Amino acid sequence: MSSKHGKYLTTGEFAKLCRVNKQTLFYYDQIGLLSPLLKDEKGYRFYSIRQIELFFVIDLLKDLGMSLSDIQQYMRNKSPDSFLSLMYHNREKIAKQRREIEMREHMIQAKIQLMEDAARLDFRQITLEQLPESTLYLSRNIENVSDEQFVEAFSDFIDELHAANLDTGHPIGGLTMREQAAKGEFTNYSHLYIEQPKPKAGYPYFKMEQGSYLVGYHVGSDRTVREAYDRLLAKMEELHLTLGSFVMEEYVYDMVVGQSEEHYVTKIMMHVHPD
């Protein structure tokens, strides 16, 4: 700080306090965003210590994605009311970003858990498991739709998940009700679904009931998934079980982690009852 100019800082001193280079301050001065309060006859520039807080606010607004032109617009019309309005707006913006980051964190954790669980599985086995109740968010009914209509419904479902922040990172699966499955139409899905570990209020959900499920896996293309269903049906007969309310099907490994269709893995869960 120069003793000649009292409580004023040189450009270098001010830049050091603001943790920026001098070129940034020269540019801000050039565009009229933040200019030194004093310029002497030799061209030396001096900033007031009171301008440090103003710089920090400019830096904060930049970090929040506000353009320099918008910051300039605020500076030309600044007032206590406009500043308060700006802070309220950015507080909500940060809160929204925090919610989005938390959602992505949960999605990533779900995918990590799914991959770690899959690494311990033997895809050749068929097991009878007791699964807990879970909550599913469903698409509109898609029974007996054409391939074109299925693609449209899938696209709409993705849009719904995005708009309502319902993508949990769990796989999107196909739910086939008993009426279709009993006719052997296992992939004539009634709905698409995605699990909701923490359901939000105000949405229609489907409860996957707690109970016994015959769980098996298909390795390979969707075109040959019937082979897995045949194995499951044979196991059902062997264990003296009957088909319950629905069948669920979802990818464990898909093109995200598999090099080709022969490496894809589909998980099939058949709700069952004793004979």
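Just above, that's the structure.
Residues numbered from 1 in each chain as written. Predicted model: local features only at pLDDT ≥ 70, side-chain atom pairs only at ≥ 80, totals over all residues. Heavy atoms only, no water.

Peer 1: Hey, could you run me through the overall build of the protein in this one?
Peer 2: Of regular secondary structure, the protein possesses eight helices and eleven strands. Relative to its length of 275 residues, the protein is extended, with a C-alpha radius of gyration of 30 Å against a globular reference of 19 Å. Put simply, the protein has 275 residues, and 37% of those count as buried. Considering only contacts within the protein whose residues lie at least 6 apart along the sequence, 69% involve residues at least 24 apart. Charge-centre separation for the protein: the mean point of 32 positive side chains lies 15 Å from the mean point of 41 negative side chains. (Helix = DSSP H or I, 4+ residues; strand = E, 2+ residues; numbered from the N terminus. Rg over C-alpha atoms; globule rule 2.2 N^0.38 Å. Buried < 20%, exposed > 50% of the residue type's maximum accessible area, 1.4 Å probe, protein only. Contact = heavy atoms within 4.5 Å. Lys, Arg positive; Asp, Glu negative; His and termini not counted. Charge placed at Lys NZ, Arg CZ, Asp CG, Glu CD.)

Peer 1: Just checking my understanding: could you explain unusual backbone geometry for this structure?
Peer 2: Glycine aside, negative phi is the norm for most residues, and most peptide bonds take the trans geometry. Phi at N144 takes a positive value of approximately 60 degrees, unusual for a residue other than glycine. Mapped onto the secondary structure, N144 falls in the loop between β5 (134-138) and α6 (147-163).

Peer 1: Hey, could you run me through the packing of helix α3 (residues 51-63) against helix α4 (residues 68-76) in this one?
Peer 2: Axis separation between α3 and α4 bottoms out at 10 Å; the angle between their running directions is 140 degrees. The angle between α3 and α4 places the two elements in the oblique class. Crossing of α3 against α4: the hand is right-handed. Contacts between α3 and α4 involve L54, I58, L61 and K62 from the former and L68, I71 and M75 from the latter. (Axes fitted to C-alpha atoms, helices over the stretch in contact; angles between N-to-C directions. Parallel < 35°, antiparallel > 145°, perpendicular 65-115°, else oblique. Left-handed = near helix turned anticlockwise from the far one by under 90°.)

Peer 1: Any chance you could explain the pairing of strand β8 (residues 205-208) here in plain terms?
Peer 2: Put simply, side chains in a regular strand alternate between the two faces of the sheet. What you see with β8 is a clean split: F206 and M208 sit on the buried side and Y205 and K207 on the side with no burial. Note that β5 and β8 share four bridges and pair antiparallel. Residue S134 lies in a different strand from β8, and its bridge partner there is M208. (Pairing = 2+ DSSP bridges.)

Peer 1: What's the story with the nonpolar core in this structure? I'm lost.
Peer 2: One recurring pattern in soluble globular proteins: nonpolar side chains tend to sit buried together. Within the largest apolar cluster, 19 residues are counted, with the highest numbers of intra-cluster contacts made by F14, F55, I58 and I71. For this core, the secondary structure elements donating two or more residues are α1 (11-18), α2 (22-30), α3 and α4. If you tally residues by element for this core, the top one is α3, at five residues. When sequence neighbours within four positions are dropped, the list of residues in contact with I71 reads L33, I58, L61, K62 and M66. Among the nonpolar cores identified, the runner-up in size contains 17 residues, and A118, F123, Y213 and M269 belong to it. (Core = buried A, V, L, I, M, F, W, Y, C linked by side-chain atoms within 4.5 Å.)

Peer 1: Teacher, can you tell me more about the side chain of S48 here?
Peer 2: By secondary structure assignment, the location of S48 is in strand β3 (residues 45-48). Since its relative accessible area comes to 8%, S48 is described here as buried. In this structure the side chain of S48 is engaged in a polar contact, spanning 3.0 Å, whose partner is the backbone nitrogen of R50. With residues up to four places along the chain from it excluded, the contact list for S48 reads K7, Y8, F14 and L37. (Polar contact = N/O pair within 3.5 Å; in protein donor to acceptor, adjacent residues only side chain to side chain.)

Peer 1: Is there a simple way to think about the packing of aromatic side chains in this case?
Peer 2: The geometry of an aromatic ring pair is captured by two quantities: the separation of the ring centres and the angle between the planes. Under the criterion given, the structure shown has 16 aromatic pairs. Seen in terms of ring centroids, F123 and Y253 are 5.7 Å apart; in terms of plane orientation they differ by 90 degrees. Their pairing is edge-to-face. In this pair, F123 is assigned in the loop between α5 (80-119) and β4 (127-131) and Y253 in strand β10 (residues 241-253), connecting sequence segments 130 residues apart. Its relative accessible area of 18% is what places F123 among the buried residues. Centre to centre, the rings of F150 and Y189 are 6.5 Å apart; their planes meet at 40 degrees, and the pair counts as tilted. A residue pair is termed long-range when its members are at least 10 positions apart, and F150 in helix α6 and Y189 in the loop between α7 (178-181) and β7 (191-195) qualify at 39 residues. Exposure remark for Y189: the relative accessible area of 15% places this residue in the buried category. One aromatic cluster in this structure is built from Y137, F157, Y203 and Y205. (Phe/Tyr/Trp six-rings, centres within 6.5 Å; stacked < 30°, edge-to-face > 60°.)

Peer 1: I would appreciate a short explanation of the sheet that holds strand β1 (residues 8-10) in the present structure.
Peer 2: Paired through their backbone hydrogen bonds, the strands of a sheet run either parallel or antiparallel. In space, the three strands of this open sheet follow the order β1-β3-β2, with antiparallel pairing throughout. Edge positions in the sheet fall to β1 and β2 (38-39), since each has one partner strand and no second. Pairing analysis gives three bridges linking β1 to β3, with the strands arranged antiparallel. Bridge assignment links T10 to a residue of β3, and that residue is F46.

Peer 1: What is the right way to look at the environment of T224 in this model?
Peer 2: Here T224 shows up in the loop between β9 (211-219) and α8 (226-238). Using a relative accessible area of 31% as the deciding quantity, one classes T224 as partly exposed. With 145 residues separating them along the chain, T224 and S79 place their C-alpha atoms 69 Å apart.

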